[in-house]
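Residue-level structural notes
So the chains spell out like this:
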Amino acid sequence: MRSRGTRPRWRAGAGRTPTRSRRCSRRWRRAAAAAAPPPAAVHAHAVKLGLGGGAHVGSALVAAYASGGDGAAAARALRAAPTPVAWNALVSGHTRAGRHGEARRAFAAMVRAGAAPTRVTFVAVLAACGKARDARLGAQVHARVVGSGAVLLLPPPGAAKVENALLEMYAECGDMGSAWRLFDGMRVRGVVAWTSMVSGLARAGRAGEARGLFDRMPERDTVSWTAMIDGYVRAARFREALEVFREMQYSGARADEFTMVSVITACAQLGALEMGEWARVYMSRQGIGMDVVVGNALIDMYSKCGSIERALAVFKDMHRRDKFTWTNVILGLAVNGYGEEAIDMFHRMIRVSEAPDEVTFVGVLTACTHAGLVDKGREFFLSMTDTYKIAPNVVHYGCIVDLLGRAGRIAEALETIDQMPMGPNATILGTLLAACRLHGNAEIGESVAERLLQMDPGNSVAYILLSNMYAKSNKWEDVRRLRQAIMEKGIKKEPGCSLIEMNGVIYEFVAGDRSHPMSKEIYSKLEEIITGLKNTGYVPDITEVFVEVAEEEKQKVIYCHSEKLAIAFALLSPESNSVIRIVKNLRMCLDCHNAIKLITRVSVPSALNDQLLMVDGQQYSIEIILAVTLDIGLSLVVWSKAIFYGTAAFG
DNA sequence: ATAGGGTTAG
């Protein structure tokens, strides 16, 4: 028998599963609702035909008004024909419109009016409780369900929906204990219930247990596979998410838009551009459509992979755009160093009347930071409350502190921190400390570090930045004192870790890593590179070494930083990609920055190098195009996520 | 009129 993984492509679309067709019908209904004439017109027409008072028309109108978001009209239509079906239509219509508060109030009103809820009502109100995280009402509804016998008296197929809705409600509210009890007691445990448990566990931060349950599922469909993939994405276990996607393909289950959004999100977080591109090709081959959410995820993926051109190409191709589309493209431009363009994009967003939200403003403020537009940033910050009625949160204050701090306006940044209504958190103090280090302001730096350590005594970032600051101003006595304290308190810094994708495989290197099977070759390649650099005048910069070791040891520490290992690994491979892209968890250290710059100088004809070398105004953000030989254009993009936020430590 | 999975910051 031919294995499923190698079945011919032309069969890939054959044999629709029931799930697939159910989804299609759901989508069709959604599309039909969008294309339908406004409920008011239908209503008028029905009255003209003398059908205005009929119970069927009445409940259909309630449903149409409520799911269209017109609660007042829905309530009027209900008063005209207050049948049980119309009440159900009101509750479920509100739920469908995403107005969970309205749905819960409608349920309460229904009970007060003395109308008996049916299982349709229960299903709708439970969904609303789950989405709104309203466990209290959820439990009350549960009691009513039990009292009404909706579960026990009904034959299993009808009861299953109510039971599943209850289970899902508890899972969404994070009450996995109640969810488990229901799950264990179910007479019929279908794929829906299993899937609710899997995603509930994953949402509760229990991805391992979710996987255990997933592996025990008697049957898996598109939705369950997607739930598991997304579960790993939520747990920040992106490589495992992609691994499950691979297993899904072998299993013969079909992926859809939902699956691909989770896959693309995983690629985005890994900086796995190759894999992300492949996902897109896979979609078109499999006939999976591109909806807004997929487009939004693609924009984010390309931006995080440093390919703003491709992000913009997706943006241009999208015929429907929403708040996420605009926000993602603004963030992408800002983070890739196109501050002015990001601000232009924001103005375009306002022009098409898409309402910005708090995340949009994070993008706008980041853009101002990158473009060095301090006053404009402040204006935008003020406009949040004045014009857009959005209360700034800690993150926005963090942006302002970063904006002022990077511009060297340390005193104003400090003032901002002291005026924050919610008070600073450790992240913001770290941002200010980084600014102090950047501008060599030791006085404020010291007091900020003190505050930061008071708030979070084990904060390694504070020690590292402070130590870097002392080293920069040659205060070696202070550096030594600090390192002593670090040793005594046993403070450990987060290990530096770099990811690199080679031919569709994602490799991870931590500092000093020797776990790669080709470790020996990697280190000797690295040595070869370093020797080459030294011949052209490279001097290792050990001022940022955090650990207390002898001078010669410090060089060794620096040589095995994770990004250097990743670069050596990439240059080692004869089948090396034309683009080498490294994603790192921490900011690059000064030595890696210098070394990488030199690697390109050594290997690149200088004219080409000068033309293409781009530093985005900050000394740590690099995009270098590297040609190893005259005839092979090899581009090396070293991009650290941490570059763009002023708080990360070095390593 | 009816149950499960998707996107942005820190």
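Residues numbered from 1 in each chain as written. Chains lettered and ligands numbered in written order. Predicted model: local features only at pLDDT ≥ 70, side-chain atom pairs only at ≥ 80, totals over all residues. Heavy atoms only, no water.

**Observations concerning the overall build of chain A**
Assigned secondary structure in chain A consists of 33 helices and six strands. In chain A, buried positions account for 50% of the 651 residues. Taking all contacts inside chain A whose residues are at least 6 apart in sequence as the whole, residues at least 24 apart take part in 64%. A total accessible area of about 30,600 Å² is found for chain A, and carbon and sulfur atoms account for 56% of it. (Helix = DSSP H or I, 4+ residues; strand = E, 2+ residues; numbered from the N terminus. Buried < 20%, exposed > 50% of the residue type's maximum accessible area, 1.4 Å probe, protein only. Contact = heavy atoms within 4.5 Å. Areas by Shrake-Rupley, 256 points an atom, 1.4 Å probe, with all protein chains shown as cover.)

**Observations regarding the nonpolar core**
Core analysis: the largest hydrophobic core is formed by 153 residues, its most contacted members being M260, I264, M301 and L432. Counting 28 residues, the second-largest nonpolar core is a separate cluster that includes I530, L565, A568 and A595. (Core = buried A, V, L, I, M, F, W, Y, C linked by side-chain atoms within 4.5 Å.)

**Comments concerning the UniProt feature "repeat: PPR" (unreviewed entry) in chain A**
Within this structure's numbering, the places UniProt gives as "repeat: PPR" (unreviewed entry) are residues 83-117, 190-220, 221-255, 291-321, 322-356 and 459-493. Across residues 190-220, helical content stands at 74% and strand content at 0%; the span's end C-alpha atoms are separated by 10 Å. Here residues 221-255 runs as 77% helix and 0% strand, with 9 Å between its end C-alpha atoms. (UniProt positions renumbered as here; feature names shortened; annotations may be inferred.)

**Some words on the packing of aromatic side chains**
Scanning the model with the defined rule gives 14 aromatic pairs in all. With a centroid separation of 5.1 Å and an interplanar angle of 75°, the aromatic rings of F315 and W326 are classed as edge-to-face. Here W326 lies in helix α19 (residues 323-335) and F315 lies in helix α18 (residues 308-317), a separation of eleven residues in the sequence. Looking at F315, the relative accessible area reads 1%, which means it is buried. The class for W326 is buried, based on a relative accessible area of 2%. Through pairs of rings, three or more aromatic residues link up here, namely F346, F361, F380 and Y388. The aromatic ring of Y523 is capped on one face by R514, whose charged end is 3.9 Å from the ring centroid. (Phe/Tyr/Trp six-rings, centres within 6.5 Å; stacked < 30°, edge-to-face > 60°. Lys NZ or Arg CZ within 6 Å of the ring centre and 35° of its normal.)

**Side note on the pattern of salt bridges**
Pairing of side chains with opposite charge becomes possible as their charged atoms draw close. A full pass over the atoms with the stated rule returns 24 salt bridges. Where E240 meets R237, a salt bridge forms, and the shortest distance between an N and an O atom there is 2.8 Å. A salt bridge links R310 to E277; the nearest nitrogen and oxygen atoms lie 2.6 Å apart. With R310 in helix α18 and E277 in helix α16 (residues 273-286), this residue pair connects regions lying 33 residues apart in the sequence. The network of salt bridges with shared partners includes D375, R378, R409 and E412. (Salt bridge = Lys/Arg side-chain N within 4 Å of Asp/Glu carboxyl O.)

**Considering the pairing of strand β1 (residues 497-502)**
The buried fraction of β1 amounts to six of the six residues, a majority that puts the element mostly inside the structure. Because side chains alternate across β1, one face comprises the buried residues C497, L499 and E501, and the other comprises S498, I500 and M502, equally buried. Bridging between β1 and strand β2 (residues 505-510) involves six bridges; their strand directions are antiparallel. Paired with M502 across the two strands is V505, which belongs to β2. (Pairing = 2+ DSSP bridges.)

**Remarks on helix α27 (residues 460-472)**
Along its 13 residues, α27 runs 18 Å from first to last C-alpha, staying within 8% of the 18 Å computed at 1.5 Å per residue. Within the sequence span of α27, burial applies to S460, V461, A462, Y463, I464, L465, L466, S467, N468, M469, Y470 and A471. On its buried face, α27 sits against α25 (426-438), α26 (442-455) and α28 (476-489). For α27, the side-chain oxygen to backbone nitrogen distance between the N-cap and V461 is 3.0 Å, and the N-cap itself is N459. Just downstream of α27, N474 is the residue with a positive phi angle, here 60°. (Expected span 1.5 Å × (residues − 1). Polar contact = N/O pair within 3.5 Å; in protein donor to acceptor, adjacent residues only side chain to side chain.)

**Observations concerning the environment of S515**
With respect to the helices and strands, S515 occurs in the loop between β2 and α29 (519-535). Judged by its relative accessible area of 59%, S515 is exposed. Here D513 takes part through its side chain, which lies 2.5 Å from a polar atom of the side chain of S515.

**Focus: helix α14 (residues 238-251)**
Taking 1.5 Å of rise per residue, 14 residues should cover 20 Å, and α14 covers 20 Å from first to last C-alpha, within 8% of that figure. Listed as buried for α14 are F238, A241, L242, V244, F245 and M248. An end-on view of α14 places all buried positions within 155° of arc, on one side of the element. Positive backbone phi, approximately 90°, marks G252, located one or two places after α14. (Arc of directions from axis to C-beta.)

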